[in-house]
Amino acid sequence: AAMNLQAQDDAPMRTLFNNGGIRSNGGYGAVTVGYTQIANSDAITIGGQGAWLINHQFGIGLSGTGFITERAYDANLDNRYITTGGYGGLMLEFIAMPKSPIHLSFPVTVGAGGITYVQSNRDFDFYDSEDSQAFFVVEPGVDVEFNLLPFVRFGLGVKYRVTSDIDLKYLDSGNRILDSNAMTGFSTSFNLKFGKF
């Protein structure tokens, strides 16, 4: 038993990046477009992300997403309002079998954002904001990616967004505008990545 323990002590430590350490470097930039629901209203999301790729499989970078809901009539304010804002932060990503023409990616974003409830016309010109707030966000997801070219990937993904409580209130009454979990929920998106993979 002592000899076995000694042999284990002499064995090299296994790490996430294998015994060879960082064997390759790459990176990419991406644009994303998607759909989600915020407070039961349809919303479009547009975003971007960039990451440093280590050994083709591990990504470390930043991501950001903006969102805007459809215009809806608010009887309390007798006008049409939208919910809009954005969020972003640190993104970590694991890519399974990256050299396969079709593979999976598992990104997660941890960061912060802001949300506002604002009057809008048909041209989506913004007027007075009723209330705004910052929030914390964690958003894990899974993407199915297709290697279109050596430097281009196309992905389809599903994410689940979890945020701190939303507490937007009407200025006059102080009543809550949205539910506290209005930002929590699923989203779908597609993305195009350009870079060295």
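Numbering of residues starts from 1 in each chain and follows the order in which that chain's sequence is written. A pLDDT threshold of at least 70 governs which residues receive local features in this predicted model, and a stricter bar of 80 or more applies before side-chain atom pairs are shown or counted, although totals over entire chains, interfaces and linings include all residues. Side-chain measures here rest on the full set of heavy atoms in the structure, leaving out hydrogens and waters.

On to the overall build of the protein chain, then. Tallying secondary structure elements over the protein chain gives one helix and nine strands in all. Helix and strand assignments follow DSSP, with helices taken as H or I runs no shorter than four residues and strands as E runs no shorter than two, numbered in order from the N terminus. Listing each helix as α and each strand as β along the protein chain from the N terminus yields α-β-β-β-β-β-β-β-β-β. Accessibility here uses a 1.4 Å probe with only protein chains present; expressed as a share of the type maximum, an area under 20% marks a residue as buried, one over 50% as exposed, and anything in between as partly exposed. The proportion of buried residues among the 197 residues of the protein chain is 38%. Once local pairs closer than 6 in sequence are excluded, the contacts in the protein chain between residues at least 24 apart make up 60%. In the structure as shown, the protein chain presents an accessible area of about 11,000 Å², 60% of it carried by carbon and sulfur atoms. Contacts are residue-level and defined by heavy atoms, with any inter-residue pair within 4.5 Å sufficient. With residues, only the protein chains shown are counted as cover, and all accessible areas are computed by Shrake-Rupley using a 1.4 Å probe.

We now examine the pairing of strand β7 (residues 126-149). Here strand β6 (residues 102-120) pairs with β7 via 16 bridges, running antiparallel. Each bridged residue has a counterpart across the sheet, and for Ser105 the counterpart in β7 is Asp143. Strands pair, by our definition, only if DSSP identifies at least two bridges between them.

Next up on the list: the nonpolar core. To qualify as a nonpolar core, a set must consist of buried Ala, Val, Leu, Ile, Met, Phe, Trp, Tyr and Cys residues joined through side-chain atoms within 4.5 Å. Core analysis: the biggest nonpolar cluster contains 16 residues, and Ile115, Phe135, Leu168 and Met183 have the highest contact counts within it. Breaking this core down by element, the ones donating at least two residues are β5 (79-96), β6 and β7. With residues up to four places along the chain from it excluded, the contact list for Met183 reads Ile38, Phe67, Tyr87, Ile115, Phe135, Arg161, Thr163 and Ile166.

When two rings of Phe, Tyr or Trp (its six-membered ring) have centres within 6.5 Å they constitute a pair, described as stacked for plane angles under 30 degrees, edge-to-face for angles over 60, and tilted for the intermediate range. One pass over the structure, following the stated rule, counts eight aromatic pairs. For the ring pair Tyr81 and Tyr117, a centre distance of 5.0 Å and an interplane angle of 15° mean the geometry is stacked. Residue Tyr81 is found in strand β5, and its partner Tyr117 is found in strand β6; the two are separated by 36 residues along the sequence. Summarising the burial analysis for this pair, Tyr81 and Tyr117 share the class buried. Every member of this aromatic cluster is reached through a ring pair, and the members are Phe67, Tyr87 and Phe135.

Our next topic: the environment of Val152. Following the sequence through the fold, Val152 ends up in strand β8 (residues 152-163). Taking the C-alpha atoms as reference points, Val152 and Tyr28, 124 residues apart in sequence, are found 9.2 Å from one another. In this view, Val152 contacts Phe146, Asn147, Leu192, Lys193, Phe194 and Phe197; residues no more than four positions away in its chain are not counted.

So, about the confidence of the model for the protein chain. For the protein chain, per-residue confidence averages 91 on the pLDDT scale, and 89% of positions sit at 70 or higher. Values of pLDDT, which run from 0 to 100, indicate the predictor's confidence residue by residue. When pLDDT is averaged over each element of the protein chain, β8 comes out on top at 98 and helix α1 (residues 2-10) at the bottom at 55.

Turning to the pattern of salt bridges, a few remarks are in order. Here a salt bridge means any side-chain nitrogen of Lys or Arg lying within 4 Å of a carboxyl oxygen belonging to Asp or Glu. Inspection of the entire model under this criterion finds five salt bridges. Between Glu93 and Lys193 there is a salt bridge, and its shortest N-O distance comes to 2.8 Å. Placement of Glu93 in strand β5 and of Lys193 in strand β9 (residues 185-196) is noted, with a sequence separation of 100 residues between them. Each member of the pair, Glu93 as well as Lys193, carries the same accessibility label: buried. A salt bridge links Asp167 to Arg176, with the shortest nitrogen-to-oxygen separation between them at 3.4 Å.

Note: strand β2 (residues 41-54) against strand β3 (residues 58-69), twelve bridges, orientation antiparallel. When the sheet's bridge partners are listed, Trp52 is paired in β3 with Ile60. Between the end of β2 and the start of β3, which pair antiparallel, lie three residues, with Asn55 showing a positive phi angle near 55°. As judged from the eleven bridges shared by β3 and β5, these two strands associate in the antiparallel manner. Residue pairing across strands places Ile68 opposite Thr84, the latter belonging to β5.

Like charges are joined within 9 Å and nonpolar side chains (Val, Leu, Ile, Met, Phe, Trp, Tyr) within 5 Å, but only among residues with over 30% relative accessible area and no salt bridge; these make up the patches. Nonpolar side chains collect at one region of the surface, where Phe94, Ile102, Leu104, Phe106, Val142, Val144, Val158, Tyr160, Val162 and Phe186 lie side by side and expose about 800 Å² of accessible area between them. For the nonpolar patch, the secondary structure elements donating two or more residues are β6, β7 and β8. Topologically, Phe186 is positioned in strand β9.

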